[in-house]
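So you can see what is in the structure, the chains are spelled out below.
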Amino acid sequence: MRAELFPRPVVTKKLTIVLLLALAASGCKTEKDPDQPTILAATPGTAYLGVEYYYNFGAYGGEDILDYSLTNNPSWLALEDTSNKARQGIIMRGVPGLSGGARGEADLGNYEDITLVGTDGRMAGSQPFDIEVKYNALSLEAETFTEGAVSPEIPDTRRERCELPDLEVPGEHSFTVNTYDETGAVNGTRDLTRPTRPVFVKVLLDQPSVTRVAVAFELTSDFDAASCDAGFSAPHQRCEHGRTNTGDAIPGQDIVALGSNSTFEDLPYLTYETDTTGEYPGVYTGGVITFEPGITECYIRLEVVDDTFPEPSEAARLSLTEVRSGIAALGETNAGVRTAIVIDDNEPKVSLETVKGGMRDALNVGASQTYVARLTGDREGTIRAKLRHSEGSSARLGTEFSTNLPGDELVFEEGVDEVNFSVVIGDSGTGPYFNAQPDDRFILLGLNNSYQLGRQNYARAEVDEMLRVSINELTSPLAVGSGSGFVPTDIAVGHAGKMFVAGYDRTDNDRVKVRIFNQKGALLQQLDVSSAGDQLSTPAPVIGVARREVAKDNVRTIRFELVVAYSTADSVEGTAEIGGNDVVSSLYWYDEASNGGEYVETWTARTGTEGDDLVRSAGINPASGFIVIAGETNGQWPGQTSAGGFDSFLQRIDSLPEGNGFTPSVAWTRQVGSSADDRVAGANAIGVSPVLFGSAQGAVKGEPALGGVDAYFYTAASADSDLTVRQRGTEADERIASGVTEGSTLWLLGNGLSEYTVVERQEESEDGDDTGNEEESLILTSEPRSSQGGFVLAYTIGGEIIQSFNLNDASDVSSEQFAALSDFYGDLVAAGVTDGDFTGSAGVSGASSAIVARVSLTPEADPDAETIVFRNEWRFQWNAADSEIAQLANYRDDEVVALARKGGDWVILLLSPEGALLTL
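### Thoughts on the pattern of salt bridges
Move 1: Across all of its chains, the model carries 40 salt bridges by this definition.
Move 2: In this structure, glutamate 303 and arginine 301 form a salt bridge, with 2.9 Å as the shortest nitrogen-oxygen distance.
Move 3: For glutamate 303, a relative accessible area of 0% corresponds to the buried category.
Move 4: For arginine 301, a relative accessible area of 3% gives the class buried.
Move 5: Of the charged contacts in the structure, one is a salt bridge between arginine 892 and aspartate 894, with a shortest N-O distance of 2.9 Å.
Move 6: The class of arginine 892 is partly exposed, set by a relative accessible area of 25%.
Move 7: Of the residues examined, aspartate 894 reaches a relative accessible area of 0% and is grouped as buried.

As structure tokens, this is what we get:
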């Protein structure tokens, strides 16, 4: 390797000299020009009257120290006067309404293109901005207060606030009230002194003011002692406590700013004043609250009077009336500030119930029943409550019914919280019971508020209508058929309480008929559904009724409709046979103009397959009016597939206008089944997608079979809509007899030899993590029992189990067979037959007898109960040998209507909501 000729430092020095010469020759600078002066600003766009507006600007640039100036600025806004021009920023400040001439509200408004300019003498930079000046608004916040309750606590806040008032020490207030005679006329006055409870209303100032702000407040109300109910003049109870004053608190009686006898620990920011309007002389109804500079939250301490008068929730107003010093606004627009002061009553409450704790009952004309009035809540001495029928009751106290109470008044002596009383239906001294209306009258029994409002030591009602009692005029079983003559097969209850009984007449070629009775048992109309010449054979018709709102001549009107359907292989006048048993359906509309009001045929349709089609259910969609037919077929409907044996089918028939009438049109039919014979228990026509349910021994539409006989159900909306079958049950047999849908819940009634329970199950997640990623679900389990009984299973339409009930005799020795299920006032009622003692108190004769059971769906809320209690449950067994109940219906949630057989005779029985037999 060759040796270096020069040492390394010499080379570096020569390179540096060359670079410097090159830079000098090219004319490059080593100094940077100064930046243009630039204002750094994000100014607040809002200012408030009486509140300091402040901003510290920053800037950079220029060759020298910058000087600042404002242009187009309002008089109240200026730069801070300072000689320290070298500081990092410049302060801009002002107080709208005060600085710059104390112009007050004249400073309100929008100020645009205010410009801050910074200059070094050679260059300048500017920053324009806008400011809107607003009111510094006062506002109020209040809670709902309750007489005699512990005063509410004042929550913590991040605001700068006033000293908290003492809300623990009760006060006292004296006042005078009118007293009334039995008619409500004023017969004197009474001086009262009652304790009060302090409460607070929060007063907020939007922004901290630079000056003290004092504002006046006042309690007012819409109460007007001279405003009376029609037919009355002041002074009178029906004025002071009439309808126009209901819900209006009385300053000086219900609420005061400061009780007349209260000791108040002075707060430096709060003073009280007596009434300034003259309506409540000598009463502290207002005062002044003062915000010191910087404070934005203060409190008006008021007092709620704990009186002894029953009254609804009442409201007064608290208003901020005047800003007496400082600058602030009564609300965002200075139009006023007010808030409602709502006072809930704390008087003891009365509830009226049946002896069993129910809220509904039914009594026969001429009968009486004992009920219970229960008093709850704090009380002082003897408490009274005067009874009266509520508004909306179609039966009147003193006319259709009476009580055994002197003056119809409940009296709860000291220490007594329950009082029994009787309701008597019938002659009340004005003549025998009379009701010309088609519907039964009903009692809505409540308290006589027009009497007891404003009277001391009376209770208030738990609810407006506390006890409903339907008055039944059909007091004996209504004979509707016999085995040798008319044989009923189905019932329904329609408008005005009409009871529809469908069946066939053995004495008239098994002719299909519908007999329509009113609630008194009178036959109103008989519909001859099939023709006299038709030769039928036990057709077993089913029916459905609906109340529909329809458009007629561009006017909405109510229409009542009836559908009747039966299966027959015989000739039917006006129809063409298809093959085997076909379904014949007839639609009727109620025509008020026809013979004083009758159901008139709209159309008749015959539908079917080449096989046997057996109808099990018929209904009317109340929204759209289409007809839903459900049943079983061993044929094949057009476009459908037969699975083998008898399949289920669900059919929709529309009513299409044709000329002056309507004609039936099959919209679609869906057929679903297993390879075995499937049974349809019923269908529901409510909703866009009708629901069909039944039981099957085999896999229905590919669903896995769970046991011998399973329950199944599905919905359908059109001919080609998705149709998912839910096959449900256990390893036992679940034979479904009836069902009810309520919203998205399907209740299935069945019979079997098992006891059912719904339990929670924890399943491992898909990733196998069984330590913390678990999902809870409900499953249905069954255990064998000794005798046959009934059950009710609740599923969502999506197939999830919800609840189960068992209907078996307590000894598990007799056999029960249930046939019908109905909804009833939020619960369910099931009916059928037993060969033993279903109720636990019936005599076991060895013969079959009809049974009914009410199943309560809502457990009683009793956290101390060891077992779940269902309040409305009861059981009934008819004391009649060789009897059964085949069908159920619901009259207004007031009466259970049952189609019953006794020997060879068919009758309608009525039961009360408490399970008492009304048709004796």
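### Describing the sheet that holds strand 56 (residues 883-891)
Move 1: One open sheet accounts for four strands, arranged 31-58-57-56; its pairing is antiparallel. Because the sheet does not close on itself, it has two edges, and the strands there are strand 31 (478-482) and strand 56. For this sheet, the mean angle separating the axes of adjacent strands, direction not counted, is 25°.

### Details of the state of the cysteines
Move 1: Summed over the entire model, instances satisfying the criterion amount to two disulfides.
Move 2: Two residues share a disulfide in this structure: cysteine 162 and cysteine 298, whose sulfurs sit 1.7 Å from each other. Remark: cysteine 298 occurs in strand 17 (residues 297-305) and cysteine 162 occurs in the loop between strand 10 (145-146) and strand 11 (171-180); sequence separation between them is 136 residues. For the pair cysteine 162 and cysteine 298, one class covers both residues: buried.
Move 3: For cysteine 228, the disulfide goes to cysteine 239, at an S-S distance of 2.0 Å. Taking the sign of the torsion about the S-S bond as the criterion, the disulfide between cysteine 228 and cysteine 239, at about 100°, is right-handed. Of the two residues, cysteine 228 sits in the loop between strand 13 (213-220) and helix 2 (237-240) while cysteine 239 sits in helix 2, which places them eleven residues apart along the sequence.
Move 4: Here cysteine 239 falls in the buried class, since its relative accessible area comes to 0%.
Move 5: With its disulfide-bonded cysteines labelled consecutively along the sequence, the protein is connected as 1-4, 2-3.

### Topic: the packing of aromatic side chains
Move 1: Here the structure, examined in full by the defined rule, presents 15 aromatic pairs.
Move 2: Here the aromatic rings of phenylalanine 264 and tyrosine 272 are separated by 5.1 Å at their centres, their planes lie at 75°, and the arrangement is edge-to-face. One exposure class covers both phenylalanine 264 and tyrosine 272, and it is buried.
Move 3: For the cation-ring pair, lysine 386 lies above tyrosine 451, with the distance from its terminal atom to the ring centre recorded as 4.8 Å.

### So, a negative patch on the surface
Move 1: A cluster of acidic residues, Glu153, Glu163, Asp166, Glu168, Glu265 and Asp266, forms a negative patch at the surface.
Move 2: Position of aspartate 266 relative to the elements: it lies in the loop between strand 14 (255-256) and strand 15 (270-274).
Move 3: Of the residues examined, aspartate 266 reaches a relative accessible area of 64% and is grouped as exposed.

### Remarks on the pairing of strand 36 (residues 542-552)
Move 1: Looking at chain direction, strand 36 and strand 37 (residues 555-568) are connected through eleven bridges and run antiparallel. Paired with arginine 547 across the two strands is phenylalanine 560, which belongs to strand 37.

### Details of the confidence of the model for the protein
Move 1: The pLDDT averaged across the protein works out to 90; a share of 91% of its residues lies at or above 70.
Move 2: Confidence over residues 1-30 falls short of pLDDT 50; this stretch has two contacts with residues more than four positions distant or in other chains.
Move 3: Within the model, the stretch residues 770-775 combines pLDDT values under 50 with eight contacts to residues more than four positions away or in other chains.

### What about the environment of arginine 670?
Move 1: Structurally, the position occupied by arginine 670 is in strand 43 (residues 661-672).
Move 2: Take arginine 670: its relative accessible area is 10%, and that puts it in the buried class.
Move 3: Residues arginine 670 and glycine 639 lie 31 residues apart in sequence; the distance between their C-alpha atoms is 8.6 Å.
Move 4: Apart from the residues within four sequence positions on either side, arginine 670 is in contact with Gln640, Ser648, Phe649, Leu650, Tyr714, Ala716, Ser718, Ala719, Asp720, Ser721 and Leu723.
Move 5: A distance of 2.8 Å separates a polar atom in the side chain of arginine 670 from the backbone oxygen of serine 718.
Move 6: In terms of polar contacts, arginine 670 uses its side chain to reach the backbone carbonyl oxygen of alanine 719, at 3.5 Å.

What counts and what doesn't
- Residues numbered from 1 in each chain as written.
- Predicted model: local features only at pLDDT ≥ 70, side-chain atom pairs only at ≥ 80, totals over all residues.
- Heavy atoms only, no water.
- Salt bridge = Lys/Arg side-chain N within 4 Å of Asp/Glu carboxyl O.
- Buried < 20%, exposed > 50% of the residue type's maximum accessible area, 1.4 Å probe, protein only.
- Pairing = 2+ DSSP bridges.
- Helix = DSSP H or I, 4+ residues; strand = E, 2+ residues; numbered from the N terminus.
- Axes fitted to C-alpha atoms, helices over the stretch in contact; angles between N-to-C directions.
- Disulfide = S-S within 2.5 Å.
- Phe/Tyr/Trp six-rings, centres within 6.5 Å; stacked < 30°, edge-to-face > 60°.
- Lys NZ or Arg CZ within 6 Å of the ring centre and 35° of its normal.
- Patch = residues over 30% accessible without salt bridge, like charges linked within 9 Å, V, L, I, M, F, W, Y side chains within 5 Å.
- Areas by Shrake-Rupley, 256 points an atom, 1.4 Å probe, with all protein chains shown as cover.
- Lys, Arg positive; Asp, Glu negative; His and termini not counted.
- Charge placed at Lys NZ, Arg CZ, Asp CG, Glu CD.
- pLDDT = per-residue confidence, 0-100.
- Contact = heavy atoms within 4.5 Å.
- Polar contact = N/O pair within 3.5 Å; in protein donor to acceptor, adjacent residues only side chain to side chain.

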